[in-house]
Structure formats: C-alpha cells, structure tokens
Amino acid sequence: MSDSGRAINYSSRPAKGVERKLICELVNKFPKSLNINKYRYIGFGSFYFADFILFHNQLNIDKMISIEHSEQEERYNFNKPYKCIDILFCDAQDALSRYLDFPADAPDFMWLDYDYELNRDIVSDLITASQKLVKGSFLFVSFNGSLKVDLGKRVEYLKEIFGDYIPSIQEKDIDKDTISQIFYQGIDNAIQKNITNRQLVDRISAKSIFFIKYRDGAPMLTIGYYFGDEDTTIEMDEIADLPGVTVSGTPINLKIPCFTKSEIRELNKLLPGSSAEEIKETLSYLELEDIRKYIGLYKYYPNYIDAAHYT
Amino acid sequence: MGTTVNANPTKEFFISMLTRDVDIKAAILELIDNSIDGAKRLRPNGDYSNLYIKIEFDKEHFLIQDNCGGIGIDIATNYAFRFGRSSKREKEENGQLFTGIFGIGMKRSLFRLGNYFIVDSKTTKDCFSLKVDVNEWVQDEDTNWTFLLDEAKEDVSIAEGDTGTTILVTNLHKGISNQFSLAYFYNSLVSHIVKYRTLAIENGLSISINGSPLVFSNEKIIQSANVQSYSYSSTIDTVKINIIAGIAPKGSPDNAGWYVYCNGRLVVFADKTSLTGWGEDGVRHFHNSLAFFRGFVFFESPNPELLPWNTTKTSVDSSSPLYIYALPKMRDATLQIIKDCHNVIEGLVSEEIEKELFAERHLMSLNTNTLQALTKNSQPFKVDLPSIKKMEPMANITFSKPIKDIKIMQKQMGVRTNKDVGIRAFDYYFEKECETDE
C-alpha cells in the first residue's frame, strides 16, 4: 500500500516469506475450499507482487486484483508479473465499495496486508470486507502489532481505533504481551457484528482460523477468517498441523531460526521423522531450540540466492 | 372453587394506552395519510389534480375534509373502525403503495384529539355517518366494542366529484385545545406537514390549513457531467429499496443528512445521528462542514407492514432487518462522498469551481420519475474536477497562542500576519526535525 515498496524490499523478509507459504498451504488444504483455483485473489501487491506470484503459481488462481493507493501507475504496471493481475489505483475502501463486485457464487481470497500499525481506517476496511465478502471467502489481515502508547493512555488509544468495538479491558491489563489478543478481540467484535447484520439475506458466519505473530523488525500480526455457512463447524484435521492454524484468539509465535545454507541442507537430510534431540546429536553445534523451530517450519523455509546476511 | 379475575381491559384503559405519548402533530399527519391513501385508491394513475385536503382547527374543534373517495361501508363496518388490522382484509391489489397499516392510526388520532367525533363518508356507491361520544361509549360497561353507524345508505349513486371524507372532532381535550389556540402551534404544524410530506403532493394534491394552502418544496440533488450521485437498488421480499446520495448547495446544515421514505412518506428528516450511521463503523460524526451532504433511502412495498417504520411513522425501527440491510449501502455512500469532497470540506476549492459544482442548473428534483432513472443501475458516487485531482491533500491547522508570543515571533520572522507565523513555524520544524524518505 502507498508506495511503501520504496522503503521495504518485500522480496527478502524471511518471516514474511514463511507466512506467505503458510497462508498458501492453508487455503489450498482447507477442507471447505474446493477449487481454490476458481477464487479471485485480492491483495496489496506493491512493486514486488510476491503474494501474487506465489498464489498464481501454486494455487493456479488466475483472477487477481492488486490494490495500490498510489499515483505511480507506470511503475506498478511495469512490475506486474502476470497478465491476469488487474491493478486498482485507489484505497481499499474504494476498491471494495466502488470498483469491485461480489457475486454470490464467486468467493474471494483476500489478504489485506498493511505494514503499518492498526488504526481506525484498517478497522473500517475490515468492516467493509465483512459486509461484502460472500460465503466461501477467506479474509486475512496483517498489521504492525506494536503497542507504542504509554500506560494511562492505552484504553483511550484502543477506543480511538475500535470505537464501540473496543473489548472490555482495563488500563492495567494492556501491555505488550496482551495487546495481540486485545487487537484480535476488537477486530473480531467488528467483524462478528457486521456478519450478524447480514442475516436477513445471507446465512453466513465468519470464523477465525489463523493467527500468527512474528518479528520482521517490528512485531507483526496476521489474522485469518473463513466465511462459511451459519453453522459451519470447521473440521480442522487436515490443517491442524499447519503452523499458525488456531481458532483461539491467541497468536501462535512464528520464529524463524537462522541457519546457513549448508546447515539447512544437513537438517533437511534428516527430515522428516527425526526429533530435535536426535538431530542435535548429529548437528551438535546447532541450538536445540532453533532445531525444534526449524522442524515445525522446514517445508516453508525461505530460499534465498543471496544469503549473505545469514552466513 | 377458583376465583376468576376479570382481565378484560376497560375501554378507558385501552384508550389511555392507545393515545399515550402520541404527538399531536403526528396524529394529524396520520389523518392526512388516510386521505392520501384514499386519493391513491381513487386515482391509480397517480394524477391527483383537483383533489384536496382541508384542515381547520381552533380551540373548540378540529376538522379534516377531503374529496379523496370516501370510506366504503363494508370497510367501515369490518375494518376501519376495528382496533387492529383484521387479517381477513384482502390486500389491495391495484399496485398502489399505501401508508395506512396497523389499523389503528385513525382511531388513535381521534381519541387523542377529543371526546366527540363525527365521521361522514361518501363513496361512489354508499355513504354513512358515524357519531361517537367517547365518554358515553367508555361508560357503557358492556364488553361490546362496537360503534353504531348512523345513517348508512348502500346502493346509492354518487358522482366521483362529491365523494370524500369529513371528520370533525369536538369536545377537545384540554391539552389539545390549549395547543390549538397558540399561534405558534399553527406554524409548527405547517412546518411539520411540509417537512414530512409525501411525494404525492407533487402530483396535484393540495393541502390547506385554516384556509391557507401549504407550499411544498421537494428534495433536490446535484447531477451533472461532473457529479454523479451514488445510487443503489435492490428488492428483498417484495420490498424495493432505492438509495440515492450526493450533494446539494450548502445552505443550512439543517437540511443535510439522510432522509428515509416509506411508500413515499418521509419518516426520517435530514438525519445526522448514529441512526443513519454517522459516527459509526468508521464514518465520522456529522460536522457542519458536511452541509452539502444529502442522502435518500426509499423503501417501497405493496405490503406496508413490511416496511421498517415504527408504529407512529415518526422514525425507522433501527432493529428492522430491512433497515439493517440498507445501512451498509448508506455507509458506502457516505464514505465515498466525504472522501471525494474532501477539498470542498477543507475549504480548499476555489470559489469559481465551487460555484460551478453547485450551480442551480445542475439541481435535479427527486420525484417518482427522476428516481426511476437514477436507480436503474447501481453506481458509486463520482465527482470529477480535474483541477482538484492534482492537488496535494491538505488540511487546516488551527490553534490559539498568547498574543504577546505571536508578536515576538512576527518580529523575529519578519512577517505581518498570524497565519504567516503559523506557516513559518510549521515549515521550520518540519525541515529541521522531520525525517522523510524523500
């Protein structure tokens, strides 16, 4: 969004890369999303379009919309990797309410990936999305989850972001450890209320299925929702092992350990099937905790050609 | 042996419940609605020329007289004077959209006004007169909840021009009588009726109060090559929902906001509260700088009981699923218009451009015909002002500082005006202290 691709090179953020692959795997394997290739993907591509490339290649999605609040149309069009991507040069609210239609039989896979802190506009966009997305859709939202406000001003800060959707919480209970759940709760309040309001016409429900927290410099949060039938019970068996999958309002910490290319090769030779302790016996110079984390994520681990900053 | 408690309502109790909290002006408007419904039945083509409603009142009486077709005896004996709308009544099938529903409007209004009323009606086929002395009726301990029609004649032939209904209320309640003698009340009633008039007025129906005809102005909205109103159209369970929103010349902020109509009858006037979404879900609270905003929601159905109004037709029922369905579309419109008119809001548009934007000749009246044209396709709001697009989005900063400090800065900076002090101070800090990526 908003030319932030000038400041941040989205191709090489490691945790972001893992997150992208996790989301890809999740929507692909999600028990109710048959034919993910028939979905339309909507996201904020920036100049790099990393998510667009992955989802087109891996999921065969060929209806794709990138939303960019920018006037530098030429640069974005120049970098567009595939013909099936349309770029809307406006903000998310306009894209969702003015320029996009949401036919009942055409669900969306939407990822609103903001790289800045949660604010009133983001909540407003989520409200609009929950008013428009049709049954079968996925909604992911990412934002900077840091708490930069001093004690004494935190409830006020949350009120400013969430308005009436503010979770009931006291000033003393808001800190950097609880803020993730608090943000989740406020967002869920807003989404659920707007979903309930649709009941006259749509028997639709929104269930959260994904929630991760990771650091790429700043602490980032990503929450994922599935819009199903009124009484959707999500059978999670097929995706329960996927990191990040949770229906609780508590995020799963995604920690990407740092290894050299050679170390990764050696680790992979012992996977799948070995425990962290077993691997440690062979690769004794690696930290046990790092090995453990790696085992959970090895299939999604980023591959970089320029790995200088990892050696 | 059990003891039975007589739980039958007394007539007195019933009347007091029925008329509790009923606003006098709303009660009078209810009677006007009935006359207009008569007009709709009489003239299905929607041309109400030469039809009238005359209202007269003073501290002793209230009279409403129309030539809009009258009330048939059959309807009078079985439905019009029952309490509650009988489910046996057939739906009126001629495609008209009526406002009379709950079956209690007329009775409630009459009981609210006074203790003696006469209803005279002539249709083309029959006529009757009904006289009710409320005190006598109440005192009749008989659980008989009937009225007796005096002088009922069926199978007569009356010219259409002579049909109509006349209602006279005397023995007014003390409170009503006091209100009616105030000059202020006359003005306030006129304002109320003009405000909440129905679209039927534009089609020739005239209304007069104490001899003076009412003048109605209808709603207008800017529609031009540069300004395209927001429009949305949908039908849910026989209820048609049409939404139009856009801008109108700024004028008084009193007229800004959302208007909601049910079957052509205005129930919400220029609303700027959370009822129509202001201050909720990311929409800012209304501010006078948004005085140009106009939004109109029209609900229409051959079944008026499905419409989202409250029982007194003075507002919408905000928990009505239909209204809840419309709110997100209203929100879309409000957000679009506020965003597109940002520079107008901040006062950053040149006078020339603003004059052209809001020019008289671009004003379109909202009536049945223009509504139909506007809502044929749902489309977003659009304002097209090329010279504005290239402007950097700006905002005003206003604040106060002690005059002596301002004077010191003026001297130091070598500038004359307060505004220049502010601008220089802003630029100074921005340049020296703020890091940007540029």
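Residues numbered from 1 in each chain as written. Chains lettered and ligands numbered in written order. Predicted model: local features only at pLDDT ≥ 70, side-chain atom pairs only at ≥ 80, totals over all residues. Heavy atoms only, no water.

K.L.:
Honestly, the overall build of chain B in this entry has me stumped. Any pointers?
P.N.:
In terms of regular secondary structure, chain B is built from 14 helices and 17 strands. Taking all 438 residues of chain B together, 46% fall into the buried category. Of the roughly 23,200 Å² of accessible surface on chain B, 50% is carried by carbon and sulfur atoms. (Helix = DSSP H or I, 4+ residues; strand = E, 2+ residues; numbered from the N terminus. Buried < 20%, exposed > 50% of the residue type's maximum accessible area, 1.4 Å probe, protein only. Areas by Shrake-Rupley, 256 points an atom, 1.4 Å probe, with all protein chains shown as cover.)

K.L.:
Any chance you could explain the sheet that holds strand β6 (residues 164–172) of chain B here in plain terms?
P.N.:
Backbone-to-backbone hydrogen bonds join strands into a sheet, with any given pair of strands oriented parallel or antiparallel. Residues and elements named next belong to chain B. Spatial strand order, β5-β4-β3-β6-β2-β1-β7-β8: eight strands in an open sheet with mixed pairing. In the strand order of this sheet, the two ends are held by β5 (149–153) and β8 (212–213), each with one partner. Most of the contacts of helix α2 (residues 24–42) go to strand β2 (residues 61–66), to which it runs at about 20 degrees, and overall it touches β1 (52–57), β2, β6 and β7 (206–209). Against the sheet, helix α4 (residues 105–113) touches β2, β3 (114–122) and β6, its axis set at about 135 degrees to β3. (Pairing = 2+ DSSP bridges. Contact = heavy atoms within 4.5 Å. Axes fitted to C-alpha atoms, helices over the stretch in contact; angles between N-to-C directions.)

K.L.:
Whenever I open this one, the pattern of salt bridges confuses me. Can you help?
P.N.:
Side-chain pairing between opposite charges can occur once the charged atoms of the two side chains come close. All names here are of chain A. Counted according to the given criterion, the structure contains 29 salt bridges over all chains. Its salt-bridge partner being D164, residue K159 comes within 3.8 Å of it at the nearest N-O pair. Given the relative accessible area of 42%, K159 is considered partly exposed. For E277, the salt bridge goes to R292, with nearest N and O atoms at 3.3 Å. On the criterion of sequence distance, the pair formed by E277 in helix α9 (residues 276–282) and R292 in helix α10 (residues 288–297) is long-range, its members being 15 residues apart. (Salt bridge = Lys/Arg side-chain N within 4 Å of Asp/Glu carboxyl O.)

K.L.:
Would you explain the interface of chain A and chain B in this entry?
P.N.:
By convention, interface size is frequently given as the accessible area that disappears when the constituent parts associate. Every contact between the two is made by 19 residues of chain A and, on the other side, 19 residues of chain B. Here chain A packs against chain B, burying approximately 1,600 Å² in sum over the two surfaces, 45% of which is carbon and sulfur. The largest per-residue losses of area from chain A upon contact with chain B belong to R98, Q131 and L200 of chain A, which jointly make up 38% of the total buried on that side. Across the contact surface, chain A and chain B share five salt bridges. A salt bridge links K339 of chain B to D91 of chain A, with the shortest nitrogen-to-oxygen separation between them at 2.6 Å. Between the two partners, chain A and chain B, sit ten residue pairs in polar contact (both at pLDDT 80 or more). Where the side of chain A that touches chain B is concerned, the elements lending two or more residues are α4 (92–99), α5 (120–132) and α7 (179–196) of chain A. For the side of chain A that touches chain B, the element with the highest residue contribution is α5 of chain A, accounting for five residues. Looking at the side of chain A that touches chain B, its residues break down into five nonpolar, seven polar and seven charged. (Buried area = accessible area lost by both parts, 1.4 Å probe. Polar contact = N/O pair within 3.5 Å; in protein donor to acceptor, adjacent residues only side chain to side chain. Nonpolar A, V, L, I, M, F, W, Y, C, P; charged D, E, K, R; others polar.)

K.L.:
I would appreciate a short explanation of the sheet that holds strand β14 (residues 265–271) of chain B in the present structure.
P.N.:
All names here are of chain B. Here five strands make up an open sheet; going across it, the order is β11-β12-β15-β13-β14 and the pairing mixed. Only two strands of the sheet have a single neighbouring strand rather than two, namely β11 (230–236) and β14. Averaged over all pairs of adjacent strands, the angle between strand axes in this sheet comes to 10 degrees, irrespective of strand direction. Pairing of strand β12 (residues 239–247) with strand β15 (residues 293–300), which is carried by eight bridges, proceeds in the antiparallel orientation. Within the sheet, the bridge partner assigned to I243 lies in β15 and is V297.

K.L.:
It is not clear to me how the packing of aromatic side chains should be interpreted in this structure. Could you clarify?
P.N.:
Two measures describe an aromatic ring pair: the distance that separates the ring centres and the angle between the ring planes. Applying the stated criterion to the full structure yields 39 aromatic pairs over all chains. Judged by centre distance (5.5 Å) and plane angle (85 degrees), the ring pair of F259 of chain A and Y294 of chain A falls under edge-to-face. Separated by 35 residues along the polypeptide, F259 of chain A in the loop between β8 (252–254) and α8 (261–269) and Y294 of chain A in helix α10 bring together distant segments of the chain. Across the pair, Y294 of chain A and F259 of chain A agree in class, each one buried. Taken together, the ring pairs connect F30, Y39, Y41, F49, F52, F55, F109, W111, F138, F140, F210 and Y226 of chain A into an aromatic cluster. The ring of F286 of chain B is capped by K272 of chain B, whose NZ or CZ atom sits 5.5 Å from the centre of that ring. Here K329 of chain B stacks its cationic end above the ring of Y325 of chain B, 4.5 Å away from the centre of that ring. (Phe/Tyr/Trp six-rings, centres within 6.5 Å; stacked < 30°, edge-to-face > 60°. Lys NZ or Arg CZ within 6 Å of the ring centre and 35° of its normal.)

K.L.:
Teacher, can you tell me more about the nonpolar core here?
P.N.:
In globular proteins that are soluble, nonpolar side chains generally tend to be buried together. Ranked by internal contacts, the top residues of the largest apolar core, which has 59 residues, are I28, I32, I55, F62 and F180 of chain B. The element best represented in this core is α2 of chain B, accounting for seven residues. Non-local contacts of I28 of chain B, meaning those with residues more than four positions away in its chain, are made with I55, F62, F180, F185 and L189 of chain B. Counting residues in hydrophobic clusters, the runner-up holds 52 residues, among them V27, L54, W111 and L267 of chain A. (Core = buried A, V, L, I, M, F, W, Y, C linked by side-chain atoms within 4.5 Å.)

K.L.:
Can you help me understand the confidence of the model for chain A in this one?
P.N.:
Residues and elements named next belong to chain A. Considering every residue of chain A, the mean pLDDT works out to 89; 92% of them sit at 70 or more. Averaged pLDDT values for the elements of chain A fall to 90 in α8 and rise to 98 in strand β1 (residues 40–43). Of the regions scoring below 50 in pLDDT, residues 306–311 engages in seven contacts with residues more than four places distant in sequence or in other chains. (pLDDT = per-residue confidence, 0-100.)

K.L.:
When you look at unusual backbone geometry in this model, what are you seeing that I'm missing?
P.N.:
Negative phi values dominate among residues other than glycine, just as trans dominates among peptide bonds. In this structure, the amide linkage connecting L271 of chain A to the following residue, P272 of chain A, adopts the cis form with an omega of 0 degrees. Within the element layout of this structure, P272 of chain A appears in the loop between α8 and α9. The backbone phi angle of N60 of chain A is positive, close to 60 degrees, even though this residue is not glycine. Tracing the chain through its elements places N60 of chain A in the loop between α2 (50–59) and β2 (63–67). Positive phi values are uncommon outside glycine, yet D237 of chain B reaches one of about 50 degrees. Mapped onto the elements of the fold, D237 of chain B is located in the loop between β11 and β12.

K.L.:
How should α5 of chain A be read in this particular structure?
P.N.:
Owing to its 3.6 residues per turn, the α-helix brings residues three or four apart onto one side. Residues and elements named next belong to chain A. Relative to the 18 Å expected for 13 residues at 1.5 Å per residue, α5 spans 19 Å between its end C-alpha atoms, a close match to the ideal helical length. With eleven of its 13 residues buried, α5 lies for the most part within the structure. Of the residues making up α5, those classed as buried are I122, V123, S124, D125, L126, I127, T128, A129, S130, Q131 and K132. The N-cap of α5, judged by a side-chain oxygen 3.0 Å from the amide nitrogen of D121 a few residues on, is N119. (Expected span 1.5 Å × (residues − 1).)

K.L.:
Which parts of the structure should I look at to understand the packing of α2 of chain B against α4 of chain B?
P.N.:
In a packed pair of helices, the relevant descriptors are the angle between the two axes and the axis-to-axis distance. Residues and elements named next belong to chain B. Viewed as axis vectors pointing N to C, α2 and α4 meet at an angle of 135 degrees, and their least axial separation amounts to 9 Å. Judged by the angle between their axes, α2 and α4 are oblique. For the pair α2 and α4, the sense of crossing is left-handed. Here I24, A27, E30, L31 and N34 of α2 come into contact with α4, specifically with G105, M106, R108, S109, L110, R112 and L113. In the contact of α2 with α4, the residues fall into six nonpolar, three polar and three charged. (Parallel < 35°, antiparallel > 145°, perpendicular 65-115°, else oblique. Left-handed = near helix turned anticlockwise from the far one by under 90°.)

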